Amino acid sequence: MKKLAFPKKKKLISLKRLEALTWNIFSRYIRLRDSKQSGGFGLGRLYCYTCGKLILTKQAHAGHFIHKRNSVRFLESNVHAQCSYCNTYLHGNLINYTLKMVKDYGKLHVEELRFHTSMAHKFTRDELEQIKQTALLKIDKLSQSA
């Protein structure tokens, strides 16, 4: 008698790996978004959100206003392109970041983000896949408008 061949299940990557992959795609989108908004430089250069220094897009970091280990990690208004000096050595340059956030989004939005600081959030596989796909679509749309 012939054995029935069942299709093999596709092995899922770990949730930790999926979150890292999602972050890589999301941060690429943030840098591309900010390069498009930085005086029309497109894919080449952008201004650091916190100090205003002109930097190459590929050298920019996607820096968080509110720390990335909570519910606002993938919120677009919480993440902006920063130079490595502001993001790493100045730990986000939070004084300038706060002033710029209040100017761009308003004090109420900044307070709402701060409220979410205490809210831990474990992203589900479906949430991460949705964030990843949305970021990929936005990258494609921005790339086509170049």
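Counting starts from 1 at the beginning of each chain's written sequence and moves along it residue by residue. Only residues with pLDDT of at least 70 get local features here, since the model is predicted, and only at 80 or more are side-chain atom pairs given and counted; chain-wide, interface and lining totals rely on the full set of residues. Hydrogens and waters are ignored; side-chain quantities use all the structure's heavy atoms.

1. Regarding unusual backbone geometry
Stated precisely, the cut-off is as follows: Only DSSP runs of H or I reaching four residues or more are called helices, and only runs of E reaching two or more are called strands; each is numbered from the N terminus. Here the term buried applies to any residue with accessible area under 20% of the maximum for its type, exposed to any over 50%, and partly exposed to those in between, with areas from a 1.4 Å probe on protein chains only.
A positive phi angle, close to 50 degrees, is found at His 91, a residue other than glycine. Within the secondary structure, His 91 is located in the loop between helix H2 (84–89) and helix H3 (94–105). Its relative accessible area of 66% is what places His 91 among the exposed residues. Look at Asn 93: it is not a glycine, yet its phi comes out positive at around 50 degrees. With respect to the helices and strands, the residue Asn 93 is situated in the loop between H2 and H3. The exposure class assigned to Asn 93 is buried, which follows from its relative accessible area of 12%.

2. Some words on H3
Put simply, the rule is: Multiplying one less than the number of residues by 1.5 Å gives the expected span of a helix. This arc describes the spread of directions from the helix axis toward the C-beta atoms. Contacts: residue pairs with any heavy atoms within 4.5 Å of one another.
Taking 1.5 Å of rise per residue, the 12 residues of H3 would be expected to cover 16 Å, and the 15 Å separating its terminal C-alpha atoms lies within 8% of that figure. Of all the residues in H3, the buried ones are Tyr 97, Thr 98 and Met 101. For H3, the angular spread of buried residues about the axis comes to 100 degrees, placing them on one side. Looking at H3, the residues exposed on the side facing more than 90 degrees away from the buried face are Ile 95, Leu 99 and Lys 103. Residues of H3 that are buried make contact with strand S3 (61–64), strand S4 (79–82) and helix H4 (107–115). Directly after H3, the chain includes Gly 106, whose backbone phi takes a positive value near 95 degrees.

3. Here we look at the nonpolar core
Most often, soluble globular proteins keep nonpolar side chains buried together rather than apart. Filter applied, for reference: Among buried residues, those of type Ala, Val, Leu, Ile, Met, Phe, Trp, Tyr and Cys that are joined through side-chain atoms within 4.5 Å constitute a nonpolar core.
Membership of the largest hydrophobic core comes to 16 residues, with the highest contact counts inside it found for Trp 23, Phe 26, Tyr 29, Ile 30, Phe 74 and Val 79. For this core, the elements supplying multiple residues, two or more each, are helix H1 (15–37) and helix H5 (125–144). What Phe 74 contacts, discounting residues up to four positions off in sequence, is Glu 19, Thr 22, Trp 23, Phe 26, Phe 123, Leu 128 and Ile 131. Of all hydrophobic cores here, the second largest spans 8 residues; its members include Ile 66, Tyr 97, Val 110 and Leu 113.

4. Section: the packing of H1 against H5
The test is simple: Whenever a helix is involved, its axis is fitted only over the stretch in contact; in every case the axis is a line through C-alpha atoms, and angles between N-to-C directions fall within 0 to 180 degrees. Just so you know how the angles are binned, under 35 degrees is roughly parallel, over 145 roughly antiparallel, 65 to 115 roughly perpendicular, and the rest oblique. Left-handed is the label given to a crossing in which the near helix is rotated counterclockwise from the far helix by less than a right angle, and right-handed is the label when the rotation is clockwise.
At a minimum axis distance of 9 Å, the contact between H1 and H5 shows a crossing angle of 30 degrees. The angle between H1 and H5 places the two elements in the roughly parallel class. When the axes of H1 and H5 are compared, the crossing they make is left-handed. Contact with H1, carried on its side by Leu 15, Leu 18, Glu 19, Leu 21, Thr 22, Ile 25, Phe 26, Arg 28, Tyr 29, Leu 32, Arg 33 and Lys 36, involves Arg 125, Leu 128, Glu 129, Ile 131, Lys 132, Ala 135, Leu 136, Lys 138, Ile 139, Leu 142 and Ser 143 of H5 and no other residues of that element.

5. Observations concerning the pattern of salt bridges
Rule in force here: Throughout this description, the term salt bridge denotes a Lys or Arg side-chain nitrogen within 4 Å of a carboxyl oxygen of Asp or Glu.
Here the structure, examined in full by the defined rule, presents 6 salt bridges. The salt bridge partner of Glu 76 is Lys 138, with a shortest N-O separation of 2.4 Å. One end of the pair, Glu 76, is in the loop between S3 and S4; the other, Lys 138, is in helix H5, and 62 residues separate them in sequence. By relative accessible area, Glu 76 is classed as partly exposed at 25%. Salt bridges here are not isolated pairs; linked through shared partners, they connect Arg 33, Asp 34, Glu 76 and Lys 138.

6. What about the packing of H3 against H4?
If you want to describe how two helices pack, look at the angle between their axes and the distance between the axes. The line we're drawing: The nonpolar class holds Ala, Val, Leu, Ile, Met, Phe, Trp, Tyr, Cys and Pro. Asp, Glu, Lys and Arg form the charged class, and all remaining residues, Gly among them, are polar.
Two numbers describe how H3 lies on H4: the axes approach to 7 Å, and their chain directions differ by 125 degrees. Judged on the interaxial angle alone, H4 and H3 are oblique. On H4, the residues that touch Thr 98, Met 101, Val 102 and Tyr 105 of H3 are Lys 107, His 109, Val 110, Leu 113 and Arg 114. For the contact of H3 with H4, a count of residues per class yields 5 nonpolar, 2 polar and 2 charged.

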